[in-house]
Amino acid sequence: MTEATIPVTAIGTTGVSRFAGIMKSLRRSPAGFIGFVLVALLVLISAIGPFFTPEVAPNVKEILLPAGTPGHLLGTDNEGKDVLIQMIAGGRTVIFVGFVAAAISTVIAIVLGSLAAYLGGWVDSVVVTAADVFLTVPQIVLLAVLGAFFKLDSPVLLALLVGGLSWPVLTRAVRAQVFSLKEREFVEAARLLDLGTPRVVFVEILPNMASFILMNFMIGVTNAIYQLVGLYLLGLAPLTGSNWGIMLNRAWIAGAIFNDNSLAWILSPIVAIILLLLGLVMMTRSLEEILNPRLRDR
Amino acid sequence: MSGAVETPASKLIEGPVVEPRPSAVSRFFNAWLVRRLFKAVLTVFIVTSGTFFLVRLLPGNPVDTYIQTQIAQTGISYEAAAAQAKNLFSLDPNAPLIQQYATYMVNLLKGDFGNSALSPGTSVASVIKTYLPWTLFSVGVATVLAFVIGIVAGMIMAYRRETWVDHSLTSIGAFLHAIPNYILAILIVVFLGVKLQWFNLTEARGSYTPGVHPSFSLSFLNDIFYHAALPILAYTLTTVGSWALVMKSSTVETLGEDYVTVARARGLSDSRIRNGYVGRNAVLPLFSALAVSLGFVVGGAIFVEKIFGYQGIGFSLFNAVNGRDYAVLQGIFLVITISVVAANLLADILYSRLDPRIRVQGKG
């Protein structure tokens, strides 16, 4: 990622037009656009769908109905609860935790990474060493261990923990970007005007890496969802309420894979999670091509 | 990035600088390898200390919890329970924290990780010795497989850019990259195991068939590969996509380098340019990613081994977490960290052999 790849349109433009620019670039790449539609659709269904669906209630008379049963399009689970309704309601926690966790780790990474690169010296050494040490501990293992200590019963707590553990990779990436940006003339000018470190870093330098940060934010969402659903699957996060991860856990433990009638019960959350992650990966990849024109032109 | 370029440039301007020859001691400590080794040891030390204080200081401190449960369940005195805890965690819960820490570290150096709470009489070291090799084996085989396949596929994609080969391989790569390893593992179980019946899921559980004695015979080798096949398949498929995509980007960038153009202009054969000029240079950045990915894959073992019932370190980690077996947990945590640090070190050494710039750059 060379310097030339970062769009320098930022000076003087507003946040809205920058967002519009990113949207325009996303639409230019068909894969990126499909990814965006996929993610937007799933977020929309999860956000407003539950308002239009009835409450699910256990029903002993309708246990493990196969997919396609009238009234139960995706069948029912081992308590007789409709799978489709659970699917519509089940995206909320997963998407919420994914986005909030990624936002937390992105903010930490931006602050640490840009300050490390801009200030240099001991700040830089401390941040780099901390990131390196954190990187050697497999995150999912740390998460599993911490899950054993804390009762992670609120989505906010889960997001805090997942986000608080996943900043090192992005911190190093932001640091590298700021390193190359801080030598530019406009940064030098801002420094000579004595605008102060926070202003120079967060107002002058950071807007120039908006697409880069957005791309890494989406990678963060992907990772957070991977970790969250994994925790649910292993039963290491409290299994209260209902979401795609908890459905997956219950269907797996109930042996849904061995019964044709219950295949839709376990495959539904799997398909939803794959579609969500696939959409995010497609968006990420098209943003990467925008950031690095060499990948696209030749 | 820029700092490394500046140094030789300024030297050029100043002309040859005659530096006094540094003493043997300072040369030793400035040597790239020594500094790298020091960093690895420091990392393990920080993580070890971090884990120790985490286990002792967090809410629901397991040592005190263990003592309380022992008193409540068996009605023994506090002293007896504390003695048990001392044996279990290799530390004396009544000693000052700093002293406990010192004891713990000294014991670790002696290879004493404490004892398992779930299976009394079993040392943590023996638990690790039983389970770790299987994870290293399956993850290692899968990583090599995925890396090699990914590199070849990535180069094909880069050389056939904007053709149907590139488009279809890229789509497959992105798809595999997006799927979490545990979901792929479940899909493998559903389709290859339950639907197509290619694998007998019950027989394939465990790391080898019970009753078979570990040996270097062909039948035992056959047996362990039979049991490891599904985990290896899951790890390989979930990592091969990202290797291919990264290799594609890297190859495309390398193809634009001047030395490739020069090599073409010199009329070198295509295969020589592909292997000697493009492939070699394009694969370099992937080596440092290899070590990072290893940590990720070993972490993912907790899911994959659970789903296939493969008895590796992830499987025992899950049991330890579920059974609140903190001594084992701490031990496994350490061993995984050490493995990742060692892999990082190995990758860096390999990388520095392949790309001498690293050894020089590190000094800046």
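Since we're looking at a predicted model, the values are computed, not measured. (Residues numbered from 1 in each chain as written. Chains lettered and ligands numbered in written order. Predicted model: local features only at pLDDT ≥ 70, side-chain atom pairs only at ≥ 80, totals over all residues.)

Draft legend 1. Main features of the overall build of chain B. Along chain B, the regular secondary structure elements total 16 helices and zero strands. Scored against the burial criterion, the 364 residues of chain B give a buried share of 37%. (Helix = DSSP H or I, 4+ residues; strand = E, 2+ residues; numbered from the N terminus. Buried ≥ 20, exposed ≤ 12 C-beta atoms within 10 Å, placed from the backbone.)

Draft legend 2. Structural view of the domain arrangement of chain B. Residues and elements named next belong to chain B. According to the domain assignment, chain B consists of domain 1 (43-109) and domain 2 (124-363). One C-alpha centre belongs to domain 1, the other to domain 2; they are set 36 Å apart. Those elements that provide at least two residues to the side of domain 1 that touches domain 2 are helix H3 (32-57) and helix H5 (78-89). When residues in the side of domain 1 that touches domain 2 are grouped by element, the largest group, six residues, is from H3. When the residues that make up the side of domain 1 that touches domain 2 are grouped by side-chain class, the tally is six nonpolar, three polar and no charged. (Domains from an automatic or database assignment. Nonpolar A, V, L, I, M, F, W, Y, C, P; charged D, E, K, R; others polar.)

Draft legend 3. Spatial organisation of the packing of helix H9 (residues 181-195) of chain B against helix H11 (residues 218-255) of chain B. All names here are of chain B. At a closest axis distance of 9 Å, the pairing of H9 and H11 adopts a crossing angle of 130 degrees. With respect to each other, H9 and H11 are oriented oblique. Considering only the axes of H9 and H11, their crossing is right-handed. For the pair formed by H9 and H11, the contact residues are Asn181, Leu184, Ala185 and Ile188 on the first element and Leu230, Leu233, Ala234, Tyr235, Leu237 and Thr238 on the second. Residue composition of the contact of H9 with H11, grouped by class: eight nonpolar, two polar and no charged. (Axes fitted to C-alpha atoms, helices over the stretch in contact; angles between N-to-C directions. Parallel < 35°, antiparallel > 145°, perpendicular 65-115°, else oblique. Left-handed = near helix turned anticlockwise from the far one by under 90°. Contact = placed C-beta atoms within 7 Å.)

Draft legend 4. Structural context of the nonpolar core. Core analysis: the biggest nonpolar cluster contains 174 residues, and Val141, Val162, Leu228, Val229 and Leu248 of chain A together with Ala185 of chain B have the highest contact counts within it. Excluding residues that lie within four positions of it along the chain, valine 229 of chain A makes contacts with Val94, Trp244, Gly245, Leu248 and Ile273 of chain A together with Pro180 of chain B. (Core = buried A, V, L, I, M, F, W, Y, C linked by C-beta atoms within 7 Å.)

Draft legend 5. Structural context of the interface of chain A and chain B. Counting residues at the interface gives 37 residues for chain A, matched by 47 residues for chain B. Within the residue set of the side of chain A that touches chain B, elements represented by two or more residues are helix H5 (121-136), helix H6 (139-149), helix H8 (168-181), helix H11 (210-234), helix H13 (263-291) and helix H14 (294-297) of chain A. Per-element tally for the side of chain A that touches chain B: the top contributor is H13 of chain A, with eight residues. A per-class count over the side of chain A that touches chain B returns 28 nonpolar, four polar and five charged.

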